[in-house]
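# Structural features, examined
Take a look at the letters that make up each chain.
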Amino acid sequence: NAGVTQTPKFQVLKTGQSMTLQCAQDMNHEYMSWYRQDPGMGLRLIHYSVGAGITDQGEVPNGYNVSRSTTEDFPLRLLSAAPSQTSVYFCASIRTGRTEAFFGQGTRLTVV
Amino acid sequence: ELKVEQNPLFLSMQEEKNYTIYCNYSTTSDRLYWYRQDPGKSLESLFVLLSNGAVKQEGRLMASLDTKARLSTLHITAAVHDLSATYFCAVDGDFGNEKLTFGTGTRLTIIP
């Protein structure tokens, strides 16, 4: 199994540009989420989904949109990139019963 | 709001020494996760602790959970260089809530 796949791995954006970070999992997990990781702050939850068609906000949702049209895919959209969104982004999916969370390889985003 | 505190934030230790990383959290939770992250890499699951008094061990690492004290510990025995990494604890919210809240991480450096 591929697990959780994120693309791209690296991205540089100009302020005001938009883009979509892709996340796909092949484990048939219902729960998926997006985190950002900043130095000294651990991982902070941006948005999450408990199943296809259902999404909700996490701790730091401003400037980001998500959708969940299928169980497998959970893309994260930056509407108008800002330097404060420079970060490393991780997508995660959680096995039913919450016994383990699987993380993608991360996307390192720089906004200039 | 669930808060998760780890200490220490940085830990430099010599090989063959023992040490403990502490993870305190602020509200009731029924499970706690420990992850390892190497520089520039994703998060690797180490342990999932599911109940009060749970203890899990893998090699030189042992994790325990005291839900009454809202405390988990990650004990390192006879450290070796390849344990150098950043270690995160994460706490699940209220029962049925899969939103993980992460601690800020402990950067562990093992000195030969």
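Residues numbered from 1 in each chain as written. Chains lettered and ligands numbered in written order. Predicted model: local features only at pLDDT ≥ 70, side-chain atom pairs only at ≥ 80, totals over all residues. Heavy atoms only, no water.

The next subject is the packing of aromatic side chains. Residues and elements named next belong to chain A. One pass over the structure, following the stated rule, counts nine aromatic pairs over all chains. The interplanar angle of 45° and the centroid separation of 6.1 Å between the aromatic rings of tyrosine 35 and phenylalanine 103 together place this pair among those described as tilted. Separated by 68 residues along the polypeptide, tyrosine 35 in strand S4 (residues 31-37) and phenylalanine 103 in strand S10 (residues 101-103) bring together distant segments of the chain. Taken individually, tyrosine 35 and phenylalanine 103 each receive the classification buried, so the pair is uniform in this respect. (Phe/Tyr/Trp six-rings, centres within 6.5 Å; stacked < 30°, edge-to-face > 60°. Helix = DSSP H or I, 4+ residues; strand = E, 2+ residues; numbered from the N terminus. Buried < 20%, exposed > 50% of the residue type's maximum accessible area, 1.4 Å probe, protein only.)

This part covers the pairing of S4 of chain A. All names here are of chain A. Counting buried positions over the seven residues of S4 gives seven, a clear majority of the element. Side chains Tyr31, Ser33, Tyr35 and Gln37 project from S4 onto one buried face, and the interleaved Met32, Trp34 and Arg36 project onto a second face that is buried too. Looking at chain direction, S4 and strand S9 (residues 87-94) are connected through seven bridges and run antiparallel. Across the sheet, the residue bridging to serine 33 is alanine 92, located in S9. Between the antiparallel neighbours S4 and strand S5 (residues 43-51) lie five residues, among them glycine 40 with a positive phi of about 75°. (Pairing = 2+ DSSP bridges.)

We now examine the interface of chain B and chain A. Between chain B and chain A, the residue contacts involve 22 residues of the former and 21 residues of the latter. Roughly 1700 Å² of surface becomes buried between chain B and chain A when both sides are summed, with 54% attributable to carbon and sulfur atoms. Joining chain B to chain A, the criterion identifies zero salt bridges. Those elements that provide at least two residues to the side of chain B that touches chain A are strand S4 (32-37), strand S5 (43-49), strand S9 (85-92) and strand S10 (100-102) of chain B. By residue class, the composition of the side of chain B that touches chain A is eight nonpolar, eight polar and six charged. (Contact = heavy atoms within 4.5 Å. Buried area = accessible area lost by both parts, 1.4 Å probe. Salt bridge = Lys/Arg side-chain N within 4 Å of Asp/Glu carboxyl O. Nonpolar A, V, L, I, M, F, W, Y, C, P; charged D, E, K, R; others polar.)

Quick look at the sheet that holds strand S8 (residues 71-76) of chain B now. Residues and elements named next belong to chain B. Pairing within the open sheet is antiparallel, and its five strands lie in the order S1-S3-S8-S7-S6. The open sheet terminates on both sides in strands that have one partner only, identified here as strand S1 (4-7) and strand S6 (55-58). Mean inter-strand twist for the sheet, computed between neighbouring axes without regard to direction, equals 15°. (Axes fitted to C-alpha atoms, helices over the stretch in contact; angles between N-to-C directions.)

Residues and elements named next belong to chain A. Structurally, the position occupied by serine 33 is in strand S4. Since its relative accessible area comes to 1%, serine 33 is described here as buried. When neighbours within four sequence positions are excluded, serine 33 is seen to be in contact with Leu45, His47, Tyr48, Phe74, Phe90, Cys91 and Ala92.

Between threonine 7 of chain A and the following residue, proline 8 of chain A, the backbone shows a cis peptide bond with an omega angle of -10°. Mapped onto the elements of the fold, proline 8 of chain A is located in the loop between strand S1 (4-7) and strand S2 (10-13). Proline 8 of chain B follows asparagine 7 of chain B through a cis peptide bond whose omega is 0°. Looking at where proline 8 of chain B falls in the secondary structure, it is placed in the loop between S1 and strand S2 (10-14). A positive phi is found at alanine 78 of chain B, a non-glycine position, where the angle reads about 50°.

Residues and elements named next belong to chain A. Along the chain, glycine 40 turns up in the loop between S4 and S5. We classify glycine 40 as exposed; its relative accessible area is 65%. It is 22 Å that separates the C-alpha atoms of glycine 40 and tyrosine 64, two residues lying 24 residues apart in sequence.

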